[in-house]
Amino acid sequence: MIDLKKVVIKEKKVDTILTKSNLPIAGYSINPYVGCPFGCEYCYATFMKRFTGHKEDWGMFLDVKMWDKIKNPEKYKGKTMIVGSVTDGYNYFEAKYKRTRAFLEEMQGSGINLIITTKSNLVTRDIDLIKTYPNPLVAWSINTLDEEFKKDMDSAPTIKSRIEAMKQVHDAGIRTTCFISPIFPGITDVFTIIEEIKDFCDYIWLENLNLRGTFKPTIINYIKEKHPELNDLYNKIYTKKDMSYWERLDKKVQEYADKDGFMYVMYNDTKYLLYENDKFIDSTIPLIEGVKEFYVYAGWNNYHTNAYVNLNLEENYIGNMTNKNDIDLDDLNRYIHSLNKILGYE
């Protein structure tokens, strides 16, 4: 666990808080802080240290961004902005600095599509403000119900507090998402988590543990020390590149979704589904109106298999997308046109 008293905090003047994003789910990324005191052992954002020059360990530094008030926020109407792509906008120090709240106040009335991702219950502080945005979405990362495993992996608020916050936000009429991510093979119980939160969660996204970068040795050593019974499984997946574990999980999720009448979509990378005429569509499936349950299994780089799409359209489409080079462009275009009908583009 991170000692918050030892976190090095600096205020940093920046030109703007609005950063154009290549993320397929948003046109802009909003990160009111650099670094994150939650210090997740598997955090992909640790790569930022290569560019920021911080010498401290991940989780032990936090730059608080200060910016001039956003001018003409209404010009961004209809754009999707995601808060917290490489930090957590509701980390512990947000209670003091209120930089995420400052952004929300400045963009109030602008008409943007707002997505917030967090591991914190502090987001409930801003429920009244978030509700002023058109159809906002708040997402929490939860990959276990085991508080001890959670403590081994991060210094974020408890799983219990996140679940309670999700229910509170949902009860306030705000759409909610649960990121079951990353899924630790043999540890993360996907279905137990779903059963725990499904009554107050509109969308559920699943993503496998992708061991890359500097944190791979950390995770592998943790498994060796705390879960030696899983050594062979992790070696099979992350050394021998045997993806049968994910294939079996995908089948189980598909069966679960079919049994309960949920919609289930699986794909490797959203941009292949929302890419047309060399432009990213500035919207995303989770913004579809009227969809109650929405499951995504995002395999990213570790898992390349078929993409099963069932959007309950008049003409359902099942596509085969093993990787970008193997995509059938005619099939993809048919899917895009079907998707555009739902999104209202056609």
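Each remark here, short or long, concerns the structure printed above.
Residues numbered from 1 in each chain as written. Predicted model: local features only at pLDDT ≥ 70, side-chain atom pairs only at ≥ 80, totals over all residues. Heavy atoms only, no water.

Thoughts on the packing of helix H9 (residues 231-238) against helix H10 (residues 244-260)
And then number 1: The geometry of H9 relative to H10 is characterised by a closest axis approach of 9 Å and an angle of 95° between their N-to-C directions. Viewed along their axes, H9 and H10 adopt a mutual orientation that is roughly perpendicular. Of the residues in H10, those in contact with Leu233, Lys236, Ile237 and Tyr238 of H9 are Ser244, Tyr245 and Trp246. (Axes fitted to C-alpha atoms, helices over the stretch in contact; angles between N-to-C directions. Helix = DSSP H or I, 4+ residues; strand = E, 2+ residues; numbered from the N terminus. Parallel < 35°, antiparallel > 145°, perpendicular 65-115°, else oblique. Contact = heavy atoms within 4.5 Å.)

What to know about the pairing of strand E8 (residues 137-141)
Walk down a regular strand and you will see the side chains alternate between the two sheet faces.
And then number 1: Among the 5 residues of E8, 5 are classified as buried, and the element is accordingly described as predominantly covered.
And then number 2: Going residue by residue along E8, you find Leu137, Ala139 and Ser141 tucked away on one face and Val138 and Trp140 tucked away on the opposite face as well.
And then number 3: Examined bridge by bridge, strand E7 (residues 113-118) and E8 share 4 bridges and lie parallel to one another. Residue pairing across strands places Thr118 opposite Trp140, the latter belonging to E8.
And then number 4: Where E8 meets strand E9 (residues 175-183), 5 bridges bridge the pair, whose relative direction is parallel. Residue Ser141 lies in a different strand from E9, and its bridge partner there is Phe179. (Buried < 20%, exposed > 50% of the residue type's maximum accessible area, 1.4 Å probe, protein only. Pairing = 2+ DSSP bridges.)

Focus: the side chain of Thr188
And then number 1: Turning to its location among the elements, Thr188 is positioned in the loop between E9 and helix H7 (190-197).
And then number 2: From its side chain, Thr188 meets the backbone oxygen of Asn143 in a polar contact 3.0 Å long.
And then number 3: Side-chain polar atoms of Thr188 contact the backbone nitrogen of Phe184, separated by 2.8 Å.
And then number 4: Discounting chain neighbours no more than four positions away, the residues touching Thr188 are Asn143, Ile180, Pro182, Ile183 and Ile193. (Polar contact = N/O pair within 3.5 Å; in protein donor to acceptor, adjacent residues only side chain to side chain.)

A closer look at the sheet that holds strand E5 (residues 61-66)
And then number 1: With respect to topology, 3 strands assemble into an open sheet ordered E1-E5-E4, the strand pairing being mixed. Since the sheet does not close on itself, it has two edges, and those belong to strand E1 (8-13) and strand E4 (33-34), each with one partner.
And then number 2: Bridge count between E4 and E5: 2 bridges; the pairing is antiparallel. Across the sheet, residue Val34 finds its bridge partner in E5, namely Asp63.

Observations concerning the nonpolar core
And then number 1: Grouped together as the largest cluster of nonpolar side chains are 80 residues, with contacts concentrated most on Phe103 and Tyr234.
And then number 2: In terms of residues, this core owes the most to one element, H10, which gives 6 residues. (Core = buried A, V, L, I, M, F, W, Y, C linked by side-chain atoms within 4.5 Å.)

Re H7
And then number 1: Inspection of H7 places Val190, Ile193, Ile194 and Ile197 among the buried residues, and these make up the whole buried set. The buried residues of H7 occupy one face: seen down the axis, they fall within an arc of 100°. (Arc of directions from axis to C-beta.)

Section: the side chain of Thr176
And then number 1: Its place among the elements puts Thr176 in strand E9.
And then number 2: A residue is classified by how much of its surface remains accessible, and Thr176, at 0% relative accessible area, is buried.
And then number 3: A distance of 2.8 Å separates the side chain of Thr176 from the backbone oxygen of Phe200, its partner in a polar contact.
And then number 4: Every residue in contact with Thr176, bar those within four places of it in the chain, is listed here: Leu137, Val138, Trp140, Met166, Val169, His170, Phe200, Cys201, Asp202 and Tyr203.

Some points on the environment of Lys98
And then number 1: As for its position among the elements, Lys98 is in the loop between helix H2 (94-97) and helix H3 (99-107).
And then number 2: When its relative accessible area of 43% is taken as the criterion, Lys98 is described as partly exposed.
And then number 3: With sequence-adjacent residues up to four places away left out, Lys98 is seen in contact with Tyr33 and Arg125.

Comments concerning the packing of aromatic side chains
And then number 1: This structure, assessed with the given rule, holds 10 aromatic pairs.
And then number 2: Ring centres 5.9 Å apart and planes at 70° place the aromatic pair Tyr42 and Phe184 in the edge-to-face group. Residue Tyr42 is located in the loop between E4 and helix H1 (49-52), and its partner Phe184 is located in the loop between E9 and H7; the two are separated by 142 residues in the primary sequence. Across the pair, Phe184 and Tyr42 agree in class, each one buried.
And then number 3: Geometrically, the ring pair formed by Tyr234 and Tyr238 is tilted, given 5.7 Å between the ring centres and 40° between the ring planes. Of the two residues, Tyr234 and Tyr238 are both situated in helix H9; the distance of 4 residues between them amounts to about one turn of the helix.
And then number 4: Overall, the relative accessible area of 2% leaves Tyr234 in the buried class. (Phe/Tyr/Trp six-rings, centres within 6.5 Å; stacked < 30°, edge-to-face > 60°.)

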